[in-house]
Amino acid sequence: MKSEPEKLKKRGFLDSNEEIENFKSLSTEQLLYLLNSKKAIDRTIAARVFSTKDLGVEILISRVIPRLLNRLSIERAIYTKIEICNTLKSFGNISVKFMIPYLGKIGDNQYKELPNEKFNKKNYPLPRDIIARTIAHMNIGALYYIRDIVTGDDIVKIREAIDAIGFLCFYNRGKFNKINIIKRLVYCLNIHHDDDIIRWKIVRAFESFDDGRVIHILRNVVENEKETAIIDEAKRSLKIIESRR
């Protein structure tokens, strides 16, 4: 039987930075080749080494970021996925515009229907979509790459972008134009009022804003919404807003 360390390595788990020392001298092309190795641990090593290199913007946007995202879209090893996401984050917001086309397209962990269980914690829930989750943990500047998604017509992207927007706004109070973001979310809510998932996610995202218009909308949801999950989320958002004052 395989030992636990062997099982973890097969899933792409990298135990320490010492394991990448012999790979730091590899060229960009060699690392890109390693990124498609049959061994998950090799792919993890390639991703981590990329995060340590000063490659320059042109190489990042023309070669490295697109290849990392392509790998992520087909990757099955959990620790390699995590490493690729960490590397994309390490490049800063330059990664975001390349990540947007992948919103809602990787994996099958996104919400397809309203949940049966309430989220009762006081923090903001992590996005389930791997791209939305990665963007959510980036600098607040990422908000300005994704804010216009919610005024578009791509339902898949809208659903996941709302999660990232809500998360970024919740943890970066005072660092962005609140009214600007609220206007976009309200517009999205009005246009896609028949989409339960979008309504539910926007009502959740509203907990990030202590704003009179938002509070009015949430109270209206509590009084007039038909879906219990959305009503519960509106009540929770109102409590979160009150608790953060």
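This report concerns the structure included in the present document. Source: prediction; values computed, not measured.

**Here's the deal with the pattern of salt bridges**
- Overall, the coordinates contain 20 salt bridges when judged by the stated rule.
- Of the charged contacts, one joins lysine 112 and aspartate 108 as a salt bridge, the two residues approaching to 3.1 Å between their closest N and O atoms. An identical accessibility class is assigned to lysine 112 and aspartate 108; each is exposed.
- Between aspartate 148 and arginine 184 there is a salt bridge; the shortest N-O distance is 2.8 Å.

**A closer look at helix α12 (residues 212–224)**
- Given a rise of 1.5 Å per residue, 13 residues ought to cover 18 Å, and the 18 Å separating the end C-alpha atoms of α12 matches this to within 8%.
- Within α12, burial applies to Val214, Ile215, Ile217, Leu218 and Val221. Angularly, the buried residues of α12 cover 160° about the axis, an arc narrow enough to put them on a single face. The exposed residues of α12 that point more than 90 degrees off its buried face are Gly212, His216, Arg219 and Glu223.
- The distance from a side-chain oxygen at the start of α12 to the backbone nitrogen of arginine 213 is 2.9 Å, and the residue carrying that oxygen is aspartate 211.

**Side note on the packing of α12 against helix α13 (residues 228–243)**
- One can describe the packing of α12 onto α13 by two numbers: an axis separation of 8 Å at closest approach and a directional angle of 145°. Both α12 and α13 take part in a crossing whose hand is left-handed. Seen from α12, the contacting residues are Val214, Ile215, Leu218, Arg219, Val221 and Val222; seen from α13, they are Ile230, Ile231, Ala234, Lys235, Ser237, Leu238 and Ile241.
- Tallied by class, the residues present in the contact of α12 with α13 amount to 10 nonpolar, one polar and two charged.

**Considerations on the nonpolar core**
- Among the nonpolar cores identified, the biggest contains 76 residues, and Leu68, Ile131, Ile135, Ile146, Phe206 and Phe209 are the most heavily contacted of them.
- If you tally residues by element for this core, the top one is helix α9 (residues 155–170), at nine residues.
- Contacts of phenylalanine 209, omitting those with residues within four sequence positions, involve Cys169, Phe176, Lys178, Ile181, Ile182, Leu185, Val214 and Ile241.

**Overview of the state of the cysteines**
- Enumeration according to the criterion identifies zero disulfides in this entry.
- Free of any disulfide, cysteine 188 has its nearest neighbouring cysteine sulfur in cysteine 169, separated by 14 Å.
- Owing to a relative accessible area of 0%, cysteine 188 belongs among the buried residues under this scheme.

**Looking at the packing of α9 against helix α11 (residues 196–205)**
- The N-to-C vectors of α9 and α11 enclose an angle of 15°; their axes lie 9 Å apart at closest approach. Regarding the angle of α9 to α11, the classification is roughly parallel. When the axes of α9 and α11 are compared, the crossing they make is left-handed. Counted together, Ile155, Ile158, Arg159, Glu160, Ile162, Asp163 and Gly166 of α9 and Ile197, Ile198, Lys201, Ile202 and Ala205 of α11 form the full contact between these two elements.
- The class makeup of the residues in the contact of α9 with α11 is seven nonpolar, one polar and four charged.

**Regarding the packing of aromatic side chains**
- Under the definition given, this model contains seven aromatic pairs.
- Ring centres of phenylalanine 170 and tyrosine 171 lie 4.8 Å apart, and the angle between their planes is 75°; on these two criteria the pair is classed as edge-to-face.
- A ring pair is formed by phenylalanine 176 and phenylalanine 209, whose centres lie 6.2 Å apart and whose planes are at 85°; its orientation type is edge-to-face. Taken as a pair, phenylalanine 176 in the loop between α9 and α10 (178–191) and phenylalanine 209 in the loop between α11 and α12 lie far apart in primary sequence, 33 residues in all. Note on accessibility: phenylalanine 176 and phenylalanine 209 belong to one class, buried.
- An aromatic cluster of three or more residues is present, and its members are Tyr124, Phe167, Phe170 and Tyr171.
- In this structure, arginine 128 packs its charged tip against the face of tyrosine 111, placed 4.1 Å from the ring centre.
- Of note, arginine 244 hangs over the ring of phenylalanine 170, and the distance from its end group to the ring centre comes to 3.8 Å.

The rules we used
Residues numbered from 1 in each chain as written. Predicted model: local features only at pLDDT ≥ 70, side-chain atom pairs only at ≥ 80, totals over all residues. Heavy atoms only, no water. Salt bridge = Lys/Arg side-chain N within 4 Å of Asp/Glu carboxyl O. Buried < 20%, exposed > 50% of the residue type's maximum accessible area, 1.4 Å probe, protein only. Helix = DSSP H or I, 4+ residues; strand = E, 2+ residues; numbered from the N terminus. Expected span 1.5 Å × (residues − 1). Arc of directions from axis to C-beta. Polar contact = N/O pair within 3.5 Å; in protein donor to acceptor, adjacent residues only side chain to side chain. Axes fitted to C-alpha atoms, helices over the stretch in contact; angles between N-to-C directions. Left-handed = near helix turned anticlockwise from the far one by under 90°. Contact = heavy atoms within 4.5 Å. Nonpolar A, V, L, I, M, F, W, Y, C, P; charged D, E, K, R; others polar. Core = buried A, V, L, I, M, F, W, Y, C linked by side-chain atoms within 4.5 Å. Disulfide = S-S within 2.5 Å. Parallel < 35°, antiparallel > 145°, perpendicular 65-115°, else oblique. Phe/Tyr/Trp six-rings, centres within 6.5 Å; stacked < 30°, edge-to-face > 60°. Lys NZ or Arg CZ within 6 Å of the ring centre and 35° of its normal.

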